[in-house]
There are 2 protein chains.
Amino acid sequence: MAQLIRTHDKALRTRAEKVVPSGMWGHLHAAKLPGNYPQFFSRGEAGRIWDVDGNEYIDFMCSWGPNLVGHKNPEVEEAAERQRLMGDCLNGPGEVMVELAERLVDMVGHADWALFQKNGTDATTTCVTIARAATGKRKILVAKGAYHGAVPWCSPSLVGVTAEDRAHLLYYTFNDVESLEAAVKAAGDDLAGIIVSAFRHDFSFDQEMPTPEFARAARRIADAASAPLIIDEVRAGFRLHVAGSWEPLGVRPDLSAWSKAIANGYALSAVTGRDWLRKAASEIYATGSFWAGAVPMAAAVATLKIVERDSVPERIAYLGQLLRDGLETRSRQFGLSIRQTGPAQMPTVLFDDDADFAKGTAFCDAALANGVYFHPKHNMFLCSGHTEADIEQALAASEHGFAAAARAT
Amino acid sequence: MAQLIRTHDKALRTRAEKVVPSGMWGHLHAAKLPGNYPQFFSRGEAGRIWDVDGNEYIDFMCSWGPNLVGHKNPEVEEAAERQRLMGDCLNGPGEVMVELAERLVDMVGHADWALFQKNGTDATTTCVTIARAATGKRKILVAKGAYHGAVPWCSPSLVGVTAEDRAHLLYYTFNDVESLEAAVKAAGDDLAGIIVSAFRHDFSFDQEMPTPEFARAARRIADAASAPLIIDEVRAGFRLHVAGSWEPLGVRPDLSAWSKAIANGYALSAVTGRDWLRKAASEIYATGSFWAGAVPMAAAVATLKIVERDSVPERIAYLGQLLRDGLETRSRQFGLSIRQTGPAQMPTVLFDDDADFAKGTAFCDAALANGVYFHPKHNMFLCSGHTEADIEQALAASEHGFAAAARAT
């Protein structure tokens with residue numbers, strides 16, 4: 001196996017340990033990855049990244065979602081640069097805010113309006129607040145194990161969280177209509193809204209697309225209660241469908257939370273909603289120092305233009321399917337059985353008989369040493385910066401991964 | 001009075017009304033300002049801004065804080081550009097995260113470590129979560145009327161907020177030691193922390209600097225309870241003192257929340273803390289899609305370098321005092337009595353006998369028509385992009401404002 005140089009990364013980790021709690025925080029902490037993964041990165045181009053030691057990788061995490069049309073996409077960078085030369089963070093928004101809101105209303109099936117923020121968590125939290133404001137009710141239905149952000153009401157960790165932070169959450173099981181109905185019953189006459197991920201993409205589990213029955217039931221139940229159906233599109237948004245991830249199901253939400261890919265890596269999130277929630281959206285108080293920043297909005301207008309014009313969801317579904325087919329064939333050649341779940345644009349690859357993730361870890365570590373950045377437990381991401389040649393090269397590297405996984409058996 | 005052209009702004013407002021709830025949201029909504037204020041901006045240079053109709057203003061809101069060393073400060077822009085050509089949002093932070101954390105630990109009196117986020121609200125919320133994680137307690141003491149962000153636990157509005165979101169807040173009065181002691185008593189053995197703004201900068205009230213007695217009492221009470229003292233530096237940070245706003249008082253907090261000016265308008269916030277909270281900070285879960293973005297961090301390193309090297313707090317205190325002295329003299333010439341409160345770097349100007357803000361409104365509207373952007377109720381901001389000539393020009397324009405205010409009597 002190729003030996004990756006990690007001198008600079010190691011030196012930075014030592015320095016970081018002193019001035020950052022445990023050297024890093026959150027989902028980008030390398031401690032959660034196999035031991036050979038780098039913590040620090042220096043560069044990105046299209047579908048490739050370089051760590052601080054100069055090692056190059058074909059990247060299937062895409063910054064955990066934000067990179068959708070390729071790092072340093074020339075059209076996005078040009079739009080951002082043009083806005084930057086004018087102004088970014090001023091005493092109010094630029095003309096580009098109106099252009100971006102108009103584009104979302106035009107593109108997104110259910111959207112009659114939009115507002116803009118910075119984090120995905122801002123958007124999910126604002127959806128919940130709008131739902132409560134509009135209904136005057138309190139209970140929010142959340143799928144067990146779903147990730148909707150990293151503040152006390154929804155964080156995957158309970159450290160520093162009080163019971164009251166989640167006092168009005170009720171839980172159902174994704175794709176389980178009965179459990180949804182039971183949760184609605186438990187909410188009684190206090191149902192404020194239902195929040196659901198675009199698809200089930202829980203960490204370290206097989207992914208599940210929503211069934212049409214489940215999607216329709218969620219819509220029907222929300223309508224019956226006059227409570228908004230909220231789709232959390234933060235992770236999936238603009239990768240599966242330009243008009244919203246549930247469009248192919250024929251089910252439209254009342255509110256959606258968007259972030260990650262919306263501006264191809266520039267910090268931006270958005271809430272879109274239907275007309276009946278416009279008043280509530282204007283009555284709640286949500287704001288942030290940088291939320292009117294014009295540069296990320298210019299990047300978003302350019303990104304969404306590319307997504308529509310180039311049919312990016314279809315393109316990355318094609319690339320993802322190439323990867324998926326190639327991994328399937330190769331896993332069999334090595335006598336291994338893998339489960340590839342979720343949409344081809346956001347694949348999760350898990351090994352059978354691998355409760356301790358030893359095979360997945362060995363696979364990813366060996367692929368990394370051969371220039372491909374996979375993730376052993378989390379869903380991955382394709383971007384339109386990837387090429388057929390990248391997929392081919394990644395598949396060749398995957399053979400080292402499968403060989404290592406077979407040895408880890 | 002000069003007549004400002006508002007054709008383009010009006011057209012954009014009409015378009016925005018259709019696709020954004022009430023046309024804009026949050027603190028940058030022009031509906032909260034006198035009628036002549038623009039909603040949309042196109043450009044910023046040093047201490048000046050231009051609206052979308054090309055009207056130019058000397059700007060004393062500085063994007064409500066973020067603009068500290070002047071729009072498009074060449075050193076900041078060059079550092080950001082250098083990082084941008086490498087990469088921004090990747091699968092982990094860049095080397096610049098370590099540099100920035102080291103700089104904060106070096107500069108900020110109490111800081112043993114730092115972590116980075118996007119919104120001021122991210123930072124205040126994380127401070128509260130760390131406090132609860134470290135102590136295993138729940139009650140947070142908050143000053144009545146203080147602004148600590150715009151999510152349900154701290155939002156100035158209760159629309160869409162449930163009682164449980166604030167179940168563990170107890171209130172005291174800023175600068176009132178007795179009220180703080182009473183709140184501590186009410187917390188019993190469940191005190192998790194005390195949060196306090198760097199100074200009292202409540203909307204539409206005279207500002208108050210903390211008294212040494214109050215600051216020392218807060219420190220003593222926090223120590224006695226082994227609960228962190230948290231300073232919310234989001235608004236004041238790096239404008240009053242490079243090492244923290246309470247350094248001149250000789251009182252250091254355990255945690256501080258920073259944002260706004262930290263990267264001169266690039267979206268960034270930070271939490272700094274003392275060693276005893278390092279473990280809790282690494283145990284809570286806080287993360288965001290763009291929190292490791294390297295470009296805002298590069299901008300922050302450059303901004304903080306300038307702040308220290310050029311003694312920016314002292315420079316803008318000098319400019320703010322020029323403005324304050326000039327406004328005082330001129331208000332008297334017009335037979336008006338004004339109250340100028342808070343630090344010279346972040347002045348609030350309120351008129352006596354002006355319960356309905358008619359004088360303040362007339363003053364600001366006339367100043368605006370003469371090329372100066374003041375705020376009638378909120379604290380304002382100086383930046384080192386301002387020059388003595390800007391202050392002189394602003395004072396000349398203020399005479400139109402005072403004349404209008406005198407007529408509004």
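Conventions used here
- Residues numbered from 1 in each chain as written.
- Chains lettered and ligands numbered in written order.
- Predicted model: local features only at pLDDT ≥ 70, side-chain atom pairs only at ≥ 80, totals over all residues.
- Heavy atoms only, no water.
- Helix = DSSP H or I, 4+ residues; strand = E, 2+ residues; numbered from the N terminus.
- Rg over C-alpha atoms; globule rule 2.2 N^0.38 Å.
- Buried < 20%, exposed > 50% of the residue type's maximum accessible area, 1.4 Å probe, protein only.
- Contact = heavy atoms within 4.5 Å.
- Expected span 1.5 Å × (residues − 1).
- Buried area = accessible area lost by both parts, 1.4 Å probe.
- Salt bridge = Lys/Arg side-chain N within 4 Å of Asp/Glu carboxyl O.
- Polar contact = N/O pair within 3.5 Å; in protein donor to acceptor, adjacent residues only side chain to side chain.
- Nonpolar A, V, L, I, M, F, W, Y, C, P; charged D, E, K, R; others polar.
- Core = buried A, V, L, I, M, F, W, Y, C linked by side-chain atoms within 4.5 Å.
- pLDDT = per-residue confidence, 0-100.
- Pairing = 2+ DSSP bridges.
- Axes fitted to C-alpha atoms, helices over the stretch in contact; angles between N-to-C directions.
- Domains from an automatic or database assignment.
- 1 Å grid on protein atoms, 1.4 Å probe; cavity = no way out; pocket = protein on both sides within 12 Å on 5 of 7 lines; lining within 4 Å.
- Points joined across faces, edges and corners; volume = space filled by probe spheres on them.
- Least-squares fit on C-alpha atoms with pLDDT ≥ 70 in both.
- Left-handed = near helix turned anticlockwise from the far one by under 90°.

**Student:** Can you explain the overall build of chain A? Please cite residues and give values.
**Tutor:** Scanning chain A from terminus to terminus reveals eleven helices and 13 strands. Against the globule reference of 22 Å for 409 residues, chain A gives a C-alpha radius of gyration of 21 Å, in line with a compact fold. Taken along the three principal axes of its C-alpha coordinates, chain A extends 60 × 55 × 45 Å. Taken over 409 residues, chain A has a buried fraction of 66%. When contacts within chain A are restricted to residue pairs at least 6 apart in sequence, long-range pairs at least 24 apart make up 76% of them.

**Student:** Which residues make up unusual backbone geometry, and what are the values?
**Tutor:** Residues and elements named next belong to chain B. The residue Ser63 is not glycine, and still its phi comes out positive at about 65°. Looking at the secondary structure, you find Ser63 in the loop between β3 (56-59) and α2 (74-86). Within the chain, Trp64 stands out as a residue other than glycine whose phi angle is a positive 65°.

**Student:** I'd like to hear about helix α10 (residues 358-369) of chain B, residue by residue, with values.
**Tutor:** All names here are of chain B. Across its twelve residues, α10 extends 17 Å between first and last C-alpha, which sits within 8% of the 16 Å expected from 1.5 Å per residue. Taking burial as the measure, the twelve residues of α10 include ten buried ones, the bulk of the element. When α10 is considered as a whole, its buried residues turn out to be Lys359, Gly360, Ala362, Phe363, Cys364, Asp365, Ala366, Ala367, Leu368 and Ala369. Where α10 is buried, its residues meet β3, α9 (312-333), β12 (348-351), β13 (372-373) and α11 (388-407).

**Student:** Give me the lowdown on the interface of chain A and chain B, citing residues and values where you can.
**Tutor:** Taken together, the contact between chain A and chain B spans 99 residues of the former and 99 residues of the latter. Contact with chain B buries surface across chain A, with Trp25, Asn91 and Tyr285 of chain A losing the most and accounting together for 11% of the total. Where chain A meets chain B, there are four salt bridges. As a salt-bridge pair, Arg15 of chain A and Glu102 of chain B come within 2.8 Å of each other at their nearest N and O atoms. On inspection of chain A and its partner chain B, the count reaches 34 residue pairs in polar contact (both at pLDDT 80 or more). Contributions of two or more residues to the side of chain A that touches chain B are made by α1 (7-19), β1 (41-45), α2 (74-86), α3 (95-107), β4 (113-117), α4 (120-135) and α7 (278-283) of chain A. In terms of residue class, the side of chain A that touches chain B is made up of 47 nonpolar, 28 polar and 24 charged.

**Student:** An account of the nonpolar core is needed here, citing residue identities and associated values.
**Tutor:** Phe116 of chain A together with Phe116 of chain B are the most contacted members of the largest nonpolar core, which has 273 residues in total. For Phe116 of chain A, the contacting residues outside a window of four places in its chain are Met97, Leu100, Ala101, Leu104, Leu268, Ser269, Ala270, Trp291 and Met297 of chain A together with Trp25 of chain B.

**Student:** Would you mind going over α9 of chain B in detail, with residue names and values included?
**Tutor:** Residues and elements named next belong to chain B. If you check α9, its first and last C-alpha atoms are 32 Å apart, about what 22 residues at 1.5 Å a residue would give, namely 32 Å. Turning to α9, the residues buried within the fold contact α8 (294-309), β11 (338-341), β12, α10 and α11. Gly335 lies just past α9 and shows a positive phi near 70°.

**Student:** Run through the confidence of the model for chain A, naming residues and quoting values.
**Tutor:** Per-residue pLDDT for chain A averages 97, and the proportion of residues at 70 or more is 100%. Model confidence for the complex: the whole-complex pTM is 0.98, and ipTM, which rates the interface, is 0.98.

**Student:** Describe in detail the sheet that holds strand β3 (residues 56-59) of chain A, supporting the description with residues and values.
**Tutor:** Residues and elements named next belong to chain A. Overall, mixed pairing links the four strands, which are arranged β1-β2-β3-β13 in an open sheet. Bordering the open sheet on either side are β1 and β13 (372-373), each of which pairs with just one other strand. Where β3 lies against β13, two bridges are found, and the strand directions are parallel. Directly across from Ile58, in β13, lies its bridge partner Val372. Relative to the sheet, helix α11 (residues 388-407) contacts β2 (48-51), β3 and β13, its axis offset from that of β3 by approximately 110°.

**Student:** Talk me through the pattern of salt bridges; I want residue IDs and the actual numbers.
**Tutor:** Under the criterion given, the structure shown has 58 salt bridges over all chains. Its salt-bridge partner being Arg200 of chain B, residue Glu208 of chain B comes within 3.3 Å of it at the nearest N-O pair. For Arg200 of chain B, a relative accessible area of 21% gives the class partly exposed. A salt bridge links Asp223 of chain B to Arg219 of chain B; its shortest N-O distance comes to 2.8 Å. Residue Asp223 of chain B and its partner Arg219 of chain B are both found in helix α6 (residues 212-225); the two are separated by four residues, about one turn of the helix. Classification of Asp223 of chain B by relative accessible area gives partly exposed; the value is 45%. What emerges from the salt-bridge pattern is a single network uniting Arg219, Asp223, Asp254 and Arg274 of chain A.

**Student:** Quick one: what's the story with the domain arrangement of chain A, residue by residue and with numbers?
**Tutor:** Think of interface size as the accessible area that goes away when the parts come together; that is how it is often given. Residues and elements named next belong to chain A. Considered domain by domain, chain A is made up of domain 1 (7-69 + 311-408) and domain 2 (74-309). Its C-alpha centre places domain 1 at a distance of 27 Å from the equivalent point of domain 2. If you sort the residues of domain 1 by the area they bury against domain 2, Leu68, Val69 and Met346 come out on top, with a joint share of 24%. Our enumeration of links across domain 1 and domain 2 arrives at one salt bridge. Between Asp206 and Arg339 there is a salt bridge, with its nearest N and O atoms 2.7 Å apart. Our count for the domain 1 to domain 2 interface comes out at 16 residue pairs in polar contact (both at pLDDT 80 or more). Among the secondary structure elements, those contributing two or more residues to the side of domain 1 that touches domain 2 are α9 (312-333), β11 (338-341) and β12 (348-351). Split by residue class, the side of domain 1 that touches domain 2 holds 16 nonpolar, ten polar and two charged.

**Student:** Please give an account of empty space enclosed by the protein that cites residues and values.
**Tutor:** Inspection of the entire model under this criterion finds seven cavities of 30 Å³ or more. Of the pockets and cavities examined, the second largest cavity occupies roughly 430 Å³. Surrounding the second largest cavity, 31 residues form its lining, Asp88 and Val295 of chain A together with Gly265, Tyr266 and Ala267 of chain B being those nearest its centre. Of all the secondary-structure elements, those providing two or more residues to the lining of the second largest cavity are α2 and α8 (294-309) of chain A together with α2 and α8 of chain B. In the lining of the second largest cavity, the residues fall into 14 nonpolar, nine polar and eight charged.

**Student:** Give me the relation of the copies chain A and chain B: which residues, what numbers.
**Tutor:** Rotating chain A by 180° and moving it 0.0 Å along the rotation axis overlays it on chain B with an RMSD of 0.0 Å. Look at the turn and shift together and you get a two-fold axis relating the two. Measuring from the rotation axis to each C-alpha of chain A, the shortest distance belongs to Glu164 of chain A, at 2.6 Å. A high fraction, 100%, of the interface residues of chain A reappear at the interface in chain B, so the copies pair face to face through one surface.

**Student:** Report on the pairing of strand β4 (residues 113-117) of chain B, specifying residues and quantitative values.
**Tutor:** Residues and elements named next belong to chain B. Across the five residues that make up β4, a large majority, five, are buried. Residues Trp113, Leu115 and Gln117 point to one face of β4 and Ala114 and Phe116 to the other, with burial holding for every one of them. Both β4 and strand β10 (residues 269-273) contribute to a ladder of five bridges, which runs antiparallel. Across the sheet, residue Gln117 finds its bridge partner in β10, namely Ser269.

**Student:** Before we move on, can you summarise the packing of helix α10 (residues 358-369) of chain A against α11 of chain A with the specific residues and values?
**Tutor:** In a pair of packed helices, the angle between the axes and the distance between the axes together describe the arrangement. Residues and elements named next belong to chain A. Contact pair α10 / α11: the axes reach a minimum separation of 7 Å and the direction vectors enclose 145°. Relative to α11, α10 is oriented so that their crossing is right-handed. Only Ala397, Ser398, His400, Gly401, Phe402, Ala404 and Ala405 of α11 make contact with α10, whose side of the interface consists of Lys359, Ala362, Phe363, Ala366 and Ala367. In the contact of α10 with α11, the residues fall into eight nonpolar, three polar and one charged.

**Student:** Residue-level account of the sheet that holds strand β2 (residues 48-51) of chain B, with values.
**Tutor:** One open sheet holds the four strands; their spatial order is β1-β2-β3-β13 (chain B), and the pairing between them is mixed. Strand pairing shows two members of the sheet lacking a second neighbour, β1 (41-45) and β13 of chain B, which therefore form its edges.

**Student:** Tell me about the environment of Thr162 of chain B, and name the residues and values.
**Tutor:** Its location among the elements puts Thr162 of chain B in the loop between β5 (139-143) and β6 (169-172). Between the C-alpha atoms of Thr162 of chain B and Ile194 of chain B, which are 32 residues apart in sequence, the distance is 22 Å.

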